[in-house]
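Understanding the architecture of this molecule
Chain by chain, the residues:
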There are 2 protein chains.
Amino acid sequence: MKTCTYLGILGGLGPASTVYFCELLTSHTAATCDADHIDMLISSRATTPDRTAYILDKNSPDPLPVMLSEAHRLERAGVDLIVVPCNTAHYFYDGLAQGCQVPILNIIDETCAHLSRMGVQRFGLLATEGTIRAGAYERFCEPRGLCCVTPTKDEQAIITDIIFGQIKQNKPVDMDAFQKVVTSLRSLGCEKIVLGCTELSLLKKLGLDDELFVDSLDVLAYRTIVACGKTPVGFPSSFDREEVAR
Amino acid sequence: MKTCTYLGILGGLGPASTVYFCELLTSHTAATCDADHIDMLISSRATTPDRTAYILDKNSPDPLPVMLSEAHRLERAGVDLIVVPCNTAHYFYDGLAQGCQVPILNIIDETCAHLSRMGVQRFGLLATEGTIRAGAYERFCEPRGLCCVTPTKDEQAIITDIIFGQIKQNKPVDMDAFQKVVTSLRSLGCEKIVLGCTELSLLKKLGLDDELFVDSLDVLAYRTIVACGKTPVGFPSSFDREEVAR
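Here's a quick rundown of the structure. Since the model is a prediction, treat every value here as computed from it, not as a measurement. (Residues numbered from 1 in each chain as written. Chains lettered and ligands numbered in written order. Predicted model: local features only at pLDDT ≥ 70, side-chain atom pairs only at ≥ 80, totals over all residues. Heavy atoms only, no water.)

Considerations on unusual backbone geometry
Residue and element names in this part refer to chain A. With an omega of -5 degrees, the peptide bond running from L13 to G14 counts as cis. If you trace the backbone, G14 turns up in the loop between β1 (7–11) and α1 (15–27). Within the chain, N170 stands out as a residue other than glycine whose phi angle is a positive 60 degrees. With respect to the secondary-structure elements, N170 resides in the loop between α8 (153–166) and α9 (175–187). On the basis of relative accessible area, N170 is assigned to the exposed category, the value being 51%. (Helix = DSSP H or I, 4+ residues; strand = E, 2+ residues; numbered from the N terminus. Buried < 20%, exposed > 50% of the residue type's maximum accessible area, 1.4 Å probe, protein only.)

Notes on the environment of T48 of chain B
Residues and elements named next belong to chain B. Residue placement: T48 occurs in the loop between β2 (40–44) and α2 (51–56). Taking the C-alpha atoms as reference points, T48 and S116, 68 residues apart in sequence, are found 33 Å from one another. If near-sequence neighbours (up to four positions away) are discounted, T48 is found in contact with L13, P63, V66 and M67. Looking at T48, its side chain comes within polar contact range of the main-chain oxygen of R45, at 2.6 Å. (Contact = heavy atoms within 4.5 Å. Polar contact = N/O pair within 3.5 Å; in protein donor to acceptor, adjacent residues only side chain to side chain.)

Describing the sheet that holds strand β5 (residues 147–149) of chain A
Residue and element names in this part refer to chain A. The sheet built from 4 strands is open, its strands ordered β5-β4-β6-β7 with parallel pairing. Each edge of the sheet is formed by a strand with only one pairing partner; in this case those strands are β5 and β7 (213–215). In this sheet, neighbouring strand axes are inclined to one another by 35 degrees on average, regardless of whether the strands run parallel or antiparallel. Two strands pair when backbone bridges link them, and strand β4 (residues 122–126) and β5 are joined in this way by 3 bridges, in the parallel orientation. Considered in β5, the bridge of R122 is made with C147. Running over the sheet, α9 touches β4, β5, β6 (192–195) and β7 and is turned about 155 degrees from β4. (Pairing = 2+ DSSP bridges. Axes fitted to C-alpha atoms, helices over the stretch in contact; angles between N-to-C directions.)

Structure follows, in C-alpha cells:
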C-alpha cells in the first residue's frame, strides 16, 4: 500500500471512541515536534443513525447514506486513506468501500490478522449485538482457522448495557458484571478476549490486563500509524510480532 | 449568536491538545446517546509551520496560509462556527477572521471575559513565548481592567522547555520547575494562574488545583458547547458564574 500522507477518519460512531482513537494515534506516534504527527481530517458526525439499531431492525434509519456522504467529504478533501474507528460500522464496510475511491482499512480484518500472527486459535468476542448478530468477525476468522466465541444471550445483555447504558452515557461501568462475562468466555477455552467495540476500548483506561485483552482499536491505531509511514511506539508487547508484518 | 449546528475545529496546533479539546467536548456535553453530541469536522494539520517560531522570527515559514486554507476547507464543508484550540495561533486571529465568512470563537477573549466574570483582577499567564511576546492577552485585559503578569525571562525558559521539550515530545514533565514558576507568580499577587497554552492544559491530567488554575481550553470548551446549543456538565465550580452569561 502507498504511504498515506493525509489521513481521513470517519468518526463520531461514537464520538468518545473517535477521540480515544485520535489519542492513541498521537500518543503512539514517535514524535519530537508537532510536525512529526499525522496530518488528518476527522469527520465526527455524531448524529449518524445508530448502527446497531439498523442491523437489528431494517425499519430503523439507515446510517450508510450519512457515512457515505462523510466518506465523500474526506475524499474530496484529498485524503488517501480512510479509517473507521468503530467495529459495528463495519457491517457497512462493503457498501462504503464500493462507494469510495480511497482505500479503507478494515478494523475487523486487521484484528483477525493480528490474532492470527499472535498464534491465537480461539478467542472470546466482546462487541455490540449488531456486530455479533451480523457475524462480522466470523467472516474474517474462517479463512484463518480462527475460532470466535461469543457470549450467551444473558451475557450479551450485560455487554450491551455496558456499551449503551453506561459508557455511551458517561456513567460508571459495572466492572464486576464485565469480568463475569470474561471469566465465562475464558472457561470455554478462549486464549484471548477481543475488545471488538471501540466503546469497550475505553475500559482500558480503567486498567485491563494487556496480556489477556486484544483491543481492536489498538490494532487499527498501529496499522494506521504504519500506513502513514510513521513509527509506532509504546504498544503492548503482543505488537512486537507486527514488526515482521510491516 | 445563532446556535451552531455543525462545528469546525481548526486543529493540529498541536495534535495532542486538539485531541484533548475534543475529549473535553465529549466528556462535558450532557448526553444519553451518540446523537446528543456535537456534529463536527476537525482539521488536524500537524505540519502547519510552527507558530511561535514565526512570531519570534518572521524569516521562519508563515503558518497563516495553511491555517487559512484549512479554515476554508471547514467553511466549504458547511460548518457555522470555527474554534482554534491553540492560544499561540490566535496571533493570527485577525488574519483568519478577515479571510473567513464563518465566525471564529477567540479563546483569549473568552478566557479574559471568564476571568472578569469571576471577579479576578490580577492573574499570572503561563503560555508560549510567542503568546507572551505578542502581548496576546494584554489586548483583551486592558479594556476589562485586568492585570496580566508574565514570568521572568528565566521562568519563561522553564515554561518553554515544558511545552516544547517535554509535553510536545511525550516526555515526563518537570512539575517541580513548573510549581516554582507558579509560586513566583503567586508571590506577585496573582489570584489565579491561567493555562494560556493548550499544551499546558494537558498538565491537568496530572491533577492541578482547580481553584488556582484557570484553563483557557476549559473556557473554550464551555463556550463551544453552549454555542452549539448543548448543556455543559462537570466543569469546575468557577464556571457556575458562566450560567449567568449564557
